[in-house]
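Structural description and commentary
Now for the letters of each chain:
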Amino acid sequence: MLERRQVLIDGEWVASAGQGVLEVENPVTEEVFATVPQGHVDDVDRAARAAANAFDGWSHSPLAERAEVLNRLADAIEVRADDITRAIVQEIGEPESIAKGHQVLPAVAHLRNTADALAGIEWDVQVGDTQVHRAAAGVVGAITPWNVPLLMIVMKAGAAIAAGCTTVLKGTEVAPLSSFHFAEAALEAGVPKGVFNLVSGNGPTIGEALVTHPAIDMVSLTGSVRAGRRIMELASGSVKRVALELGGKSANVVLEDADLPRAVVMGVEDAFRNSGQVCGGLTRLLVPRSRLAEVEEIAAARAAEYVLGDPFDPKTTLGPVVTWAQQDRIRGLIRSGVDQGARLVIGGPEQPDGLEKGYFVKPTVFTGRPGDRIAQEEIFGPVLTIVPFDTEDEAVAIANDSSYGLAGAVWSADKEHARKVALRLRTGRIRLNGSPINQRAPHGGFKLSGIGRENGRFGIEEFLEYQAIG
Ligand code: NAD
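Residues numbered from 1 in each chain as written. Predicted model: local features only at pLDDT ≥ 70, side-chain atom pairs only at ≥ 80, totals over all residues. Heavy atoms only, no water.

1. Things to note about the overall build of the protein
Regarding its fold elements, the protein presents 15 helices and 23 strands. Taking 2.2 N^0.38 as the reference for a compact globule, 470 residues should give roughly 23 Å; the C-alpha atoms of the protein span a radius of gyration of 22 Å, in line with that estimate. Across its three principal directions, the C-alpha atoms of the protein cover 65 × 60 × 40 Å. Expressed as a percentage of the 470 residues in the protein, the buried residues total 59%. Taking as baseline every contact in the protein between residues at least 6 positions apart, the subset at least 24 positions apart corresponds to 73%. Of the roughly 18000 Å² that the protein leaves accessible, carbon and sulfur atoms contribute 52%. For the protein, the distance from the average site of its 46 positive side-chain charges to the average site of its 61 negative ones is 2 Å. (Helix = DSSP H or I, 4+ residues; strand = E, 2+ residues; numbered from the N terminus. Rg over C-alpha atoms; globule rule 2.2 N^0.38 Å. Buried < 20%, exposed > 50% of the residue type's maximum accessible area, 1.4 Å probe, protein only. Contact = heavy atoms within 4.5 Å. Areas by Shrake-Rupley, 256 points an atom, 1.4 Å probe, with all protein chains shown as cover. Lys, Arg positive; Asp, Glu negative; His and termini not counted. Charge placed at Lys NZ, Arg CZ, Asp CG, Glu CD.)

Right under this line is the structure:
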């Protein structure tokens, strides 16, 4: 059993004031394999005060020093990449062969991008006789989720450090080990004391204590809409700035003239990444009704190829979902699809054959209507809903018929036409013809998907205020 007993406050590993522990469960074996401290509000208080004390110095530090710290942090994480990958595989079950490239190496690249992006920010502009200056927003309370646990920390803490903010992180209680690896790397990289602090604990106690602490100026959450709403409500008490990266139900629009087999295969792969536990996953596949039979055949064939099982086995291509509660919720949503009359193309709510243990879900593809629950709710499991359309206008209307607006995609033989359609979508990031995700471009959403942007210079700017001087 791995036991973490300390939290990081003011550059030192110290005992938590809390007596309890949070158990970390392996979703494949269903056994607890690690514990971390269930922090105490006193830990939050000490950490927030340490971050506040460090703010004046760090917010006025030279940009070159911040870039060096971020690059050293990237190096320190890269050195630990295999250990962190193994920890994440144990915590969330993503296949090891995929997890390093999906979970850890992008975090390293992200820190280096953030260091580079510092040079692209207009820190001072003259407006008439007035100097308009970008200043660090203050002490940041960062709260992160379990699905990509290290990268989500890096996207906040990295950008906040770059901006000159100081941070108290409360990482996810479901997959907390990478927050400890990150904290160790931060110490090794020479992040000055108080600039980054880590307190572990759950949302309702430690998360809320952080959000309401008077020394915290800004809260940045990546997580569910439920947590986002609660945090906005609590932050309103002292009018703290809030950045929210929440859920999604993103549409993948395949137009009549698209390379259909490629679009459908990549669409299935995108929707099933990390067992479907990706905020920007393309979980609605919008296709011309005339091609529906072909689409269903291709999607079913690709879904059938997934090999479920032990994530440390190199043959495994799809792991479990993270907890029993998630598995139960996803199965309930699959049942709702059947009950609402959607066509089950492949998969279903049962435990996959040959896997008695573990929170596995069969890769599932439906054809449904735009209003079905499976076409509206974020499922966060390996479930894809195909929705047919008759005209391009209808495709745009269906894509926008969502309470979310995080990501999307458009496929067409005419890329300029795809771009025009993309401009009609009310969503944050839209990929064209399977283009890769650009980590320097902004990530974030419209509507219930949240407020604010992360990545590159846009992510740093999220942690900056304007000052008008003169
Ligand atoms: P969650 O909301 O349950 O938890 C996220 C974090 O918020 C955790 O650290 C949790 O402890 C904390 N939290 C929960 N309630 C809180 C409260 N009342 N006060 C303060 N903190 C609180 O989400 P999750 O299950 O960990 O993650 C899955 C969700 O995250 C999905 O909805 C997914 O779409 C979203 N997500 C979004 C992005 C994005 O960039 N937009 C990225 C990854 C995940």
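2. Some points on the layout of surface pockets
Approximately 1100 Å³ is the volume attributed to the largest pocket. If you trace the largest pocket, you find 40 residues lining it, with Trp146, Gly223, Ser224, Arg226 and Ala227 closest to the centre. Sorting the residues of the lining of the largest pocket by element identifies helix H7 (203-212), strand S11 (218-222), helix H8 (225-236) and helix H11 (324-339) as the ones contributing at least two each. Looking at the lining of the largest pocket, the element that brings in the most residues is H8, giving seven residues. When its residues are assigned to classes, the lining of the largest pocket shows 19 nonpolar, eleven polar and ten charged. Its boundaries defined by the atoms lining it, the second largest pocket holds a volume of some 560 Å³. Every residue lining the second largest pocket is counted, 28 residues in all, and those nearest its centre are His102, Arg273, Val278, Arg429 and Ile437. Secondary structure elements with two or more residues in the lining of the second largest pocket: helix H4 (96-117), helix H5 (149-163), helix H9 (260-271), strand S19 (407-411) and strand S20 (429-432). (1 Å grid on protein atoms, 1.4 Å probe; cavity = no way out; pocket = protein on both sides within 12 Å on 5 of 7 lines; lining within 4 Å. Points joined across faces, edges and corners; volume = space filled by probe spheres on them. Nonpolar A, V, L, I, M, F, W, Y, C, P; charged D, E, K, R; others polar.)

3. Here's the deal with the packing of helix H2 (residues 63-79) against H4
Running from N to C, H2 and H4 cross one another at 170 degrees; their axes reach a closest spacing of 8 Å. By the angle class used here, H2 and H4 are roughly antiparallel. Of the two elements, H2 crosses H4, and the hand of that crossing is left-handed. Residue-level inspection shows Ala67, Leu70, Asn71, Leu73, Ala74, Asp75, Ile77 and Glu78 of H2 in contact with H4, the latter providing Val104, Val108, Leu111, Arg112, Thr114 and Ala115. When the residues that make up the contact of H2 with H4 are grouped by side-chain class, the tally is nine nonpolar, two polar and three charged. (Axes fitted to C-alpha atoms, helices over the stretch in contact; angles between N-to-C directions. Parallel < 35°, antiparallel > 145°, perpendicular 65-115°, else oblique. Left-handed = near helix turned anticlockwise from the far one by under 90°.)

4. Here's the deal with empty space enclosed by the protein
Empty space among the atoms becomes visible once a probe the size of a water molecule is rolled across them. Considering all chains together, one arrives at four cavities of 30 Å³ or more under this definition. Empty space within the largest cavity amounts to approximately 100 Å³. Along the walls of the largest cavity sit 16 residues, with Ala251, Arg284, Ala399, Ala407 and Thr427 positioned nearest its centre. Residue assignment for the lining of the largest cavity shows that the elements contributing at least two residues are helix H13 (392-400), strand S18 (404-405) and S19. Of the residues belonging to the lining of the largest cavity, the class tally is six nonpolar, six polar and four charged.

5. Focus: the domain arrangement of the protein
Split by domain assignment, the protein resolves into domain 1 (2-246 + 449-469) and domain 2 (251-438). Domain 1 and domain 2 are separated by 30 Å when their C-alpha centres are compared. Across the boundary between the two partners, domain 1 contributes 28 residues, which contact 27 residues of domain 2. Of the roughly 2200 Å² buried where domain 1 meets domain 2, counting both sides, 59% is carbon and sulfur surface. In terms of surface lost to domain 2, no three residues of domain 1 exceed Val28, Trp146 and Ser449, which account for 25% of the buried area on that side. At the junction of domain 1 and domain 2, the tally comes to ten residue pairs in polar contact (both at pLDDT 80 or more). For the side of domain 1 that touches domain 2, the secondary-structure elements that each account for two or more residues are helix H3 (81-92) and H4. A class-by-class count of the residues in the side of domain 1 that touches domain 2 yields ten nonpolar, nine polar and nine charged. (Domains from an automatic or database assignment. Buried area = accessible area lost by both parts, 1.4 Å probe. Polar contact = N/O pair within 3.5 Å; in protein donor to acceptor, adjacent residues only side chain to side chain.)

6. Some thoughts on the side chain of Thr283
Counting through the fold element by element, Thr283 comes out in the loop between H9 and strand S14 (284-288). Apart from the residues within four sequence positions on either side, Thr283 is in contact with Lys249, Ser250, Ala271, Val383, Leu384 and Thr385.

7. What to know about the sheet that holds strand S23 (residues 464-469)
Read from one edge to the other, the open sheet built from three strands follows the order S6-S7-S23, with strand pairing classed as antiparallel. Of all the strands in the sheet, the pair left with one neighbour each is strand S6 (124-127) and S23. Mean inter-strand twist for the sheet, computed between neighbouring axes without regard to direction, equals 25 degrees. (Pairing = 2+ DSSP bridges.)

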